[in-house]
Amino acid sequence: MKTRGVALAAVAIALAIQLVRPARVNPPVQAGNTMADMVETPLAVHQILERACRDCHSHRTRWPWYSQVAPASWLLARHVSEGRQKMNLDDWKEEMSVKDICQETRVGSMPLKGYLALHPDAKLSGQEIQTLCSWSQRAVYR
Ligand code: HEC
């Protein structure tokens, strides 16, 4: 009887937390504001960033089904909102440096570990990190 009570309470809590739904917004991309509008971005670099970074650092997040389910939804929404604040490929700020892209990937801080666990295809090879780094060192600003 007691186990059943606990199980029912657990189900009730699991359902109740679903009521707190963070917004999942993909704001429109404005022409002229993207990183590629300001920094020359070769196709190879573009493809790496699209594959491994865009879900948290662009306005074109691909929200997976579990982003609808609390508590995962809360974590994902926070990562995307913090990620967009720090570096937004679709809303590039003067103060951002492409060198940070090299730095963060070289030390292995980006993509986030939890993301890699769910998206193994986002893992970057040494060669790809090198591609990002040599580009960032010689980046041409428009
Ligand atoms: C799962 C979401 C996620 C992915 C994928 C991701 N990032 Fe991030 N990124 C974040 C979050 C959250 C922050 C802010 C917190 C932090 O710095 O850890 C951040 C911060 C950054 C910063 C700013 C660091 C600082 O402290 O100023 C850079 C640069 C960055 N990411 C680059 C990248 C690059 C390059 C990729 C792809 C190779 C990438 N990120 C992939 C979530 C992500």
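In what follows, the structure referred to is the one given above.
None of the values given here were measured: they were computed from a predicted structure. (Residues numbered from 1 in each chain as written. Predicted model: local features only at pLDDT ≥ 70, side-chain atom pairs only at ≥ 80, totals over all residues. Heavy atoms only, no water.)

**Things to note about the environment of Thr61**
Keep this limit in mind: Note on conventions: DSSP H or I runs of at least 4 residues are helices, E runs of at least 2 residues are strands, and numbering of each starts at the N terminus. The rule is simple: take the accessible area with a 1.4 Å probe, protein chains only, and divide by the maximum for that residue type; under 20% is buried, over 50% is exposed, in between is partly exposed. Two residues qualify as a contact provided that any one of their heavy atoms is within 4.5 Å of a heavy atom in the partner residue. Nitrogen and oxygen atoms within 3.5 Å of one another constitute a polar contact, given that in protein one can donate a hydrogen and the other can accept it, and given that sequence-neighbouring residues count only through two side-chain atoms.
By secondary structure assignment, the location of Thr61 is in the loop between α4 (54-57) and α5 (72-86). Note on Thr61: relative accessible area 8%, which makes it buried. Considering only alpha carbons, one finds Thr61 and Pro27, 34 residues apart in sequence, at a separation of 9.7 Å. For Thr61, the residues in contact, after removing those within four places along its chain, are Asn26, Arg54, Asp55, Val80 and Arg84. At a separation of 3.0 Å, a polar atom in the side chain of Thr61 contacts the main-chain carbonyl oxygen of Asp55.

**Here's the deal with the packing of aromatic side chains**
So the rule is basically this: Aromatic rings from Phe, Tyr and Trp, taking only the six-membered ring of Trp, are treated as a pair when their centres fall within 6.5 Å; an angle between ring planes under 30 degrees marks them as stacked, one over 60 as edge-to-face, and anything in between as tilted.
This structure, assessed with the given rule, holds one aromatic pair. Taking the centre distance of 5.5 Å and the plane angle of 85 degrees together, the rings of Trp65 and Tyr66 count as edge-to-face.

**Description of a nonpolar patch on the surface**
For clarity, the cut-off: Patches here are clusters of residues that have more than 30% relative accessible area and form no salt bridge, with a 9 Å joining cutoff for like charges and a 5 Å cutoff for nonpolar side chains (Val, Leu, Ile, Met, Phe, Trp, Tyr). Accessible surface area values rest on a Shrake-Rupley calculation with a 1.4 Å probe, where residue burial reflects the displayed protein chains alone. Whenever a carboxyl oxygen of Asp or Glu lies within 4 Å of a side-chain nitrogen of Lys or Arg, that contact is scored as a salt bridge.
Nonpolar side chains collect at one region of the surface, where Leu19, Val20 and Trp74 lie side by side and expose about 340 Å² of accessible area between them. By relative accessible area, Trp74 is classed as partly exposed at 35%.

**Thoughts on the packing of helix α6 (residues 99-106) against helix α8 (residues 126-137)**
Note the threshold: Lines fitted to the C-alpha atoms define the axes, with helices restricted to the stretch that makes contact. Angles between their N-to-C directions range from 0 to 180 degrees. When describing relative orientation, an angle under 35 degrees is termed roughly parallel and one over 145 degrees roughly antiparallel, while 65 to 115 degrees is termed roughly perpendicular and anything else oblique. Here a crossing is taken to be left-handed if its near helix is turned anticlockwise relative to the far helix by less than a right angle, and right-handed if that turn runs clockwise. Each residue gets one label: Ala, Val, Leu, Ile, Met, Phe, Trp, Tyr, Cys and Pro are nonpolar, Asp, Glu, Lys and Arg are charged, and the others, such as Gly, are polar.
α8 packs onto α6 with a crossing angle of 150 degrees between their chain directions and a minimal axis gap of 8 Å. Classified by the angle between their axes, α6 and α8 sit roughly antiparallel to one another. In the crossing of α6 with α8, the sense of the turn from one axis to the other is left-handed. Counted together, Lys99, Ile101, Cys102, Thr105 and Arg106 of α6 and Ile129, Leu132, Cys133, Trp135, Ser136 and Gln137 of α8 form the full contact between these two elements. Its residues assigned to classes, the contact of α6 with α8 comprises six nonpolar, three polar and two charged.

**Overview of the state of the cysteines**
What counts here: Sulfur atoms of two cysteines make up a disulfide when they are within 2.5 Å.
A complete count under the given rule lists one disulfide for this structure. The side chain of Cys102 participates in a disulfide bridge whose partner is Cys133; the two sulfur atoms lie 2.1 Å from each other. Measuring the twist about the S-S bond at about 95 degrees, one finds the Cys102-Cys133 disulfide to be right-handed. Here Cys102 is found in helix α6, whereas its partner Cys133 is found in helix α8, with 31 residues between them in sequence. An identical accessibility class is assigned to Cys102 and Cys133; each is buried.

**Notes on the packing of helix α3 (residues 43-52) against α8**
Packing of α3 against α8 leaves a shortest axis separation of 10 Å and a crossing angle of 120 degrees. Relative to α8, the element α3 lies oblique. As α3 packs across α8, the resulting crossing turns out to be left-handed. Between α3 and α8, the residues in contact are Ala44, Val45, Ile48, Leu49 and Arg51 and Glu128, Thr131, Leu132 and Trp135, respectively. Of the residues contributing to the contact of α3 with α8, the split by class is six nonpolar, one polar and two charged.

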